[in-house]
There are 2 protein chains.
Amino acid sequence: MFKIKSSTNLLKNKMKINNYFFLIYFISILYCTLFAQVKQVISPKINPDNSITLQLLAPNAKEVKINCDWNVDKSLWSSNQPIMTKDKDGLWTYTSPVLPSEMYNYWFTVDGQLVNDPQNPFTIRDEAYKISYFIIGNGKADNYKVSDVPHGSVTHSWYKSIGFDKQRRITIYTPPNYETSKIKYPVLYLLHGSGGDEDSWFNLGRATQIFDNLIAQKKMKPMIVVMTNGNYYQTASPSQASEDFMLPNDDLPYPGTFETSFGDVIKFIDKNYKTLNNKQNRAIAGLSMGGFHTYCISANYPNTFDYVGLFSPAISYRKKGSAKVYENLDEKILAQKKNGYKLYWIAMGKKDFLYDNLLENRIKLDKINFKYQYIETAGSHTWNNWRDYLVQFTPMLFK
Amino acid sequence: MFKIKSSTNLLKNKMKINNYFFLIYFISILYCTLFAQVKQVISPKINPDNSITLQLLAPNAKEVKINCDWNVDKSLWSSNQPIMTKDKDGLWTYTSPVLPSEMYNYWFTVDGQLVNDPQNPFTIRDEAYKISYFIIGNGKADNYKVSDVPHGSVTHSWYKSIGFDKQRRITIYTPPNYETSKIKYPVLYLLHGSGGDEDSWFNLGRATQIFDNLIAQKKMKPMIVVMTNGNYYQTASPSQASEDFMLPNDDLPYPGTFETSFGDVIKFIDKNYKTLNNKQNRAIAGLSMGGFHTYCISANYPNTFDYVGLFSPAISYRKKGSAKVYENLDEKILAQKKNGYKLYWIAMGKKDFLYDNLLENRIKLDKINFKYQYIETAGSHTWNNWRDYLVQFTPMLFK
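A. Representation of the packing of helix H7 (residues 289-300) of chain B against helix H8 (residues 329-339) of chain B within the structure. Residues and elements named next belong to chain B. Two numbers describe how H7 lies on H8: the axes approach to 8 Å, and their chain directions differ by 65 degrees. Our classification of the angle between H7 and H8 gives roughly perpendicular. Considering only the axes of H7 and H8, their crossing is left-handed. In contact with Phe292, Tyr295, Cys296, Ser298, Ala299 and Asn300 of H7, H8 contributes Leu329, Lys332, Ile333 and Gln336. Looking at the contact of H7 with H8, its residues break down into six nonpolar, three polar and one charged.

So, in structure tokens, the structure goes:
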């Protein structure tokens, strides 16, 4: 007979520190005795060859799939997902192929129900979903790990948006030693995509780990990074908002309130943080919808940003919006060209569904001889690309 | 035929902003067409009488229970849990009794598997578990809601602990307008219990919402609140640590490193924040294990804290520890009495498993005529008590 090693140890330790858990301990012993489904469950287990083994004890289940992003389609949402194998004791097991260094996401689908790996304490939120994750190191994903280097701080704050006439939540990274330092810092405004919010770069993007690591490696200048909530229909991420979980209203055009009132964000940051308050020390970048926000804001706020980054941008989909901020964008871009800037950087995956859309827009930029750096990578519209782009983009800033 | 209203709306909105989701949309239409399990699922639904209805679509499941804390035993871990009812389309439904104002936690157990409510985006983490929650307002739980009042900031930072010889993560609440204010603030050090970490008061404790609300109501003085990680075997909460998910080692006595090196925390805060750096403006409080830490630290750091709060404290369980910080505690308490303090506040639930343990310790304090305020409440060793205690304790500070 096997033992549920991890659970039993957990419970033994808890007993020592908290008698409250006696009850659970006895229930679990009773359960083990009655059903003899006693197994050593370790999940995820990173094997020496960098394959991964996942396990789930689910004796009653008929089929367990793994929704993961190391499958053929590299998408959590693909229908083409690995199926786990059940042994006689009801333990489901799966071993992956050898995986390159990356941060990987998954959950189990047990007879149609989404289940987070109960053995894996590492989870992140994507919109309303909780996703289990692990990091395969010894490569590029080492930048996503918490390393023993000086750490910056992450602050969740609220700014008063005149444009929205509301307080809105905002996440701010300050570099190591910011609190006691006498110097002023440049600022990167970093925007999320559709379905994300002010927590996304911090959670799914591993932005704070990337900044800590790149700054320690002296690849990136110490800077303040500001992560906004770009959804016009929210004031904050779901768990932090006073309103219910909000979704866009189908029947209204995009009001452009976020882009229009971006000046409120800049004012708040310049008032409350030790910033170098000028164009040369201000950058803006965003992914997908945030790439469009970046495109739009950098054009609508002339002479404000010397560094612009569009990560897999979704440039066209606000065309029908009625807001002034969307009007005459071509003219505004032309003015932006005349005003000048240090870097306009665009990155896109070859398999991204927005590839053709960007191509159209690049042709438009080329026609007016608008200079930009263009990087084409493998992959599609996913966080592993956006983390990569952040690692590539930030070292070019303020130099 | 019904419609999956919430999901379909979600998908329609996503389509508008992101073609990527077309795939899911078609898969879900295909699924609906094939299986005709098309239902309007809204969960949780707070009914007009303050009962709650939960729903889960799980056609293949044989039994769905709700692990919840509004059951008879008021514990997520009780075996005495409500069972949901399945209809012919595989939709499981449950309606609770009328619930008093509180923050409630739950998850589904589907044929033995823990499943978070897929319709509810509001979840929090307790150790490695993700828990769905909702708040019934119009009563005391209004203090746990994000209100439209001025908000403080929450900063996740790292301090260098000389005692641990490590950087350790720390959560700091600063009150509204702290950033631009010229005044200095008193400090409350607020400690978590066993199984918790530097995120617990912030997540499960709704501490930031409580502070924002009480400060807006002028019941609580604006103050800095510092939430540490009190686990000697961790540097940070699981998702933020460089080490793997660590548990205490059975074979070692408690080293007392956290309590011994608490001075490192105070030094860090006084160096980096605008603090009133003296006994009159310093408070310390903690729940369960953190109650013992508070008891121990306030006695070992003489003339440091004028306000001390023990919430359901677990006073005795470090007796066998070999660290100096645990030695001669009775003498240190006697010295603390002689040095004086403004408030020593103890709260305990009548059904708490630590009730008798505290009674023993209160008798010891009474014998030496050590003055304390004692509050006995209903309930046991749970977060609804600790949130209540925080709401009662903070208004008494620095007045």
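Once the structure has been displayed, the description carries forward.
B. Summary view of the confidence of the model for chain A. All names here are of chain A. Summarising the model, chain A shows a mean pLDDT of 86, and 86% of its residues fall at 70 or more. Taken as a whole, residues 1-38 scores under 50 in pLDDT and shows 60 contacts with residues more than four places along the chain or in a different chain. This complex was scored by the predictor with a pTM of 0.87 and an ipTM of 0.85.

C. Spotlight on the packing of aromatic side chains. Taken as a whole and judged by the stated rule, the model has 62 aromatic pairs over all chains. Taking the centre distance of 5.9 Å and the plane angle of 65 degrees together, the rings of Tyr106 of chain A and Phe108 of chain A count as edge-to-face. Owing to a relative accessible area of 0%, Tyr106 of chain A belongs among the buried residues under this scheme. Considering the side-chain rings of Trp345 of chain B and Tyr389 of chain B, the 6.1 Å spacing of their centres and the 75 degrees angle between planes classify their relative orientation as edge-to-face. With Trp345 of chain B in strand E16 (residues 343-349) and Tyr389 of chain B in helix H10 (residues 383-393), this residue pair connects regions lying 44 residues apart in the sequence. Comparing Trp345 of chain B with Tyr389 of chain B, the two get one shared label, buried. One aromatic cluster in this structure is built from Trp201, Phe311, Trp345, Trp383, Trp386, Tyr389 and Phe393 of chain A. Over the aromatic face of Tyr374 of chain A sits the side chain of Arg362 of chain A, whose NZ or CZ is 3.7 Å from the ring centroid. Just above the ring of Tyr144 of chain B sits the side chain of Arg387 of chain B; from NZ or CZ to the centre is 5.3 Å.

D. Local environment of the environment of Val391 of chain B. Residue and element names in this part refer to chain B. Mapping Val391 onto the fold places it in helix H10. Measuring from C-alpha to C-alpha, the distance between Val391 and Leu214 comes to 7.8 Å, with 177 residues separating the pair along the chain. Ignoring any residue separated from it by four or fewer positions in sequence, one finds Val391 in contact with Asn143, Tyr144, Ile210 and Leu214.

E. Focus on the packing of helix H4 (residues 207-216) of chain B against H10 of chain B. Residue and element names in this part refer to chain B. Where H4 meets H10, the closest approach of the two axes is 11 Å, and the angle between their N-to-C directions is 30 degrees. In terms of orientation, H4 lies roughly parallel with respect to H10. Taken as a pair, H4 and H10 cross one another with a handedness that is right-handed. Residue-level inspection shows Ala207, Ile210, Phe211 and Leu214 of H4 in contact with H10, the latter providing Arg387, Leu390 and Val391.

F. Fine view of the sheet that holds strand E5 (residues 91-95) of chain B. Residues and elements named next belong to chain B. Strand order in the open sheet formed by four strands is E1-E2-E5-E4, and the pairing between neighbours is antiparallel. Where the open sheet ends on each side, the last strands, each with one partner, are strand E1 (45-46) and strand E4 (85-86). Note: E1 against strand E2 (residues 52-57), two bridges, orientation antiparallel. Each bridged residue has a counterpart across the sheet, and for Lys45 the counterpart in E2 is Thr53.

G. The arrangement of the environment of Ala323 of chain A in detail. Residues and elements named next belong to chain A. Relative to the assigned elements, Ala323 resides in the loop between strand E15 (307-311) and helix H8 (329-339). The exposure class of Ala323 is buried, given its relative accessible area of 11%. Separated by 68 residues in the primary sequence, Ala323 and Pro255 place their C-alpha atoms 5.6 Å from one another. Apart from residues lying up to four places away in sequence, Ala323 is in contact with Tyr254, Pro255 and Gly256.

H. Fine view of the side chain of His192 of chain B. Residue and element names in this part refer to chain B. In this fold, His192 is placed in the loop between strand E12 (187-191) and helix H3 (200-203). Owing to a relative accessible area of 2%, His192 belongs among the buried residues under this scheme. Reaching out from His192, the side chain makes a polar contact with the backbone nitrogen of Gly230 at a distance of 2.7 Å. Leave out the neighbours within four places in its chain, and His192 touches Asp197, Glu198, Ser200, Trp201, Thr228, Asn229, Gly230, Asn231, Leu287, Met289 and Gly290.

I. Geometry of unusual backbone geometry. Cis peptide bonds are those with omega within 30 degrees of zero, and the linkage from Ser43 of chain A to Pro44 of chain A qualifies with -5 degrees. Following the sequence through the fold, Pro44 of chain A ends up in the loop between helix H2 (22-35) and strand E1 (45-46). The backbone phi angle of Ser288 of chain A is positive, close to 50 degrees, even though this residue is not glycine. Within the secondary structure layout, Ser288 of chain A lies in the loop between strand E14 (282-287) and helix H7 (289-300). The class of Ser288 of chain A is buried, set by a relative accessible area of 5%. Residue Asn177 of chain B is not a glycine yet carries a positive backbone phi of 70 degrees. Tracing the backbone through its elements, the reader meets Asn177 of chain B in the loop between strand E11 (166-174) and E12. Residue classification places Asn177 of chain B among the exposed positions, given a relative accessible area of 56%.

J. Inspection of the sheet that holds strand E4 (residues 85-86) of chain A at higher detail. Taken together, the four strands give an open sheet; going across it, the order is E1-E2-E5-E4 (chain A), and neighbouring strands pair in antiparallel fashion. Of all strands in the sheet, those with a lone pairing partner are E1 and E4 of chain A, marking the two edges.

K. Local environment of the pairing of E14 of chain A. Residues and elements named next belong to chain A. The buried fraction of E14 amounts to six of the six residues, a majority that puts the element mostly inside the structure. Along E14, one buried face is formed by Arg282, Ile284 and Gly286 and the opposite face, lined by Ala283, Ala285 and Leu287, is buried too. In this structure, strand E12 (residues 187-191) lies alongside E14, joined through five bridges in parallel fashion. Considered in E14, the bridge of Leu188 is made with Ala283. The pairing of E14 with E15 spans five bridges and is classified as parallel. By the bridge assignment for E15, Ala283 is matched with Tyr307. On the question of chirality, the crossover connecting E14 to the parallel E15 by way of H7 is right-handed.

L. Here's a closer look at helix H4 (residues 207-216) of chain A. All names here are of chain A. With respect to burial, H4 is a largely interior element, nine of its 10 residues being buried. Buried residues of H4: Ala207, Thr208, Gln209, Ile210, Phe211, Asp212, Asn213, Leu214 and Ile215, and no others. Contacts from the buried residues of H4 go to strand E10 (153-161), strand E11 (166-174), E12, helix H3 (200-203), strand E13 (224-227) and helix H10 (383-393). Residue Lys218 follows H4 closely and has a positive phi angle near 60 degrees.

M. Fine view of a positive patch on the surface. On the surface, Lys62 and Lys86 of chain A together with Lys62 and Lys86 of chain B cluster together into a patch of positive charge. Considering the arrangement of structural elements, one finds Lys62 of chain A in the loop between strand E2 (52-57) and strand E3 (64-68).

Parameters at a glance
Residues numbered from 1 in each chain as written. Chains lettered and ligands numbered in written order. Predicted model: local features only at pLDDT ≥ 70, side-chain atom pairs only at ≥ 80, totals over all residues. Heavy atoms only, no water. Axes fitted to C-alpha atoms, helices over the stretch in contact; angles between N-to-C directions. Helix = DSSP H or I, 4+ residues; strand = E, 2+ residues; numbered from the N terminus. Parallel < 35°, antiparallel > 145°, perpendicular 65-115°, else oblique. Left-handed = near helix turned anticlockwise from the far one by under 90°. Contact = heavy atoms within 4.5 Å. Nonpolar A, V, L, I, M, F, W, Y, C, P; charged D, E, K, R; others polar. pLDDT = per-residue confidence, 0-100. Phe/Tyr/Trp six-rings, centres within 6.5 Å; stacked < 30°, edge-to-face > 60°. Buried < 20%, exposed > 50% of the residue type's maximum accessible area, 1.4 Å probe, protein only. Lys NZ or Arg CZ within 6 Å of the ring centre and 35° of its normal. Pairing = 2+ DSSP bridges. Polar contact = N/O pair within 3.5 Å; in protein donor to acceptor, adjacent residues only side chain to side chain. Right-handed = clockwise from strand over helix to strand, strands pointing away. Patch = residues over 30% accessible without salt bridge, like charges linked within 9 Å, V, L, I, M, F, W, Y side chains within 5 Å. Areas by Shrake-Rupley, 256 points an atom, 1.4 Å probe, with all protein chains shown as cover. Salt bridge = Lys/Arg side-chain N within 4 Å of Asp/Glu carboxyl O. Lys, Arg positive; Asp, Glu negative; His and termini not counted. Charge placed at Lys NZ, Arg CZ, Asp CG, Glu CD.

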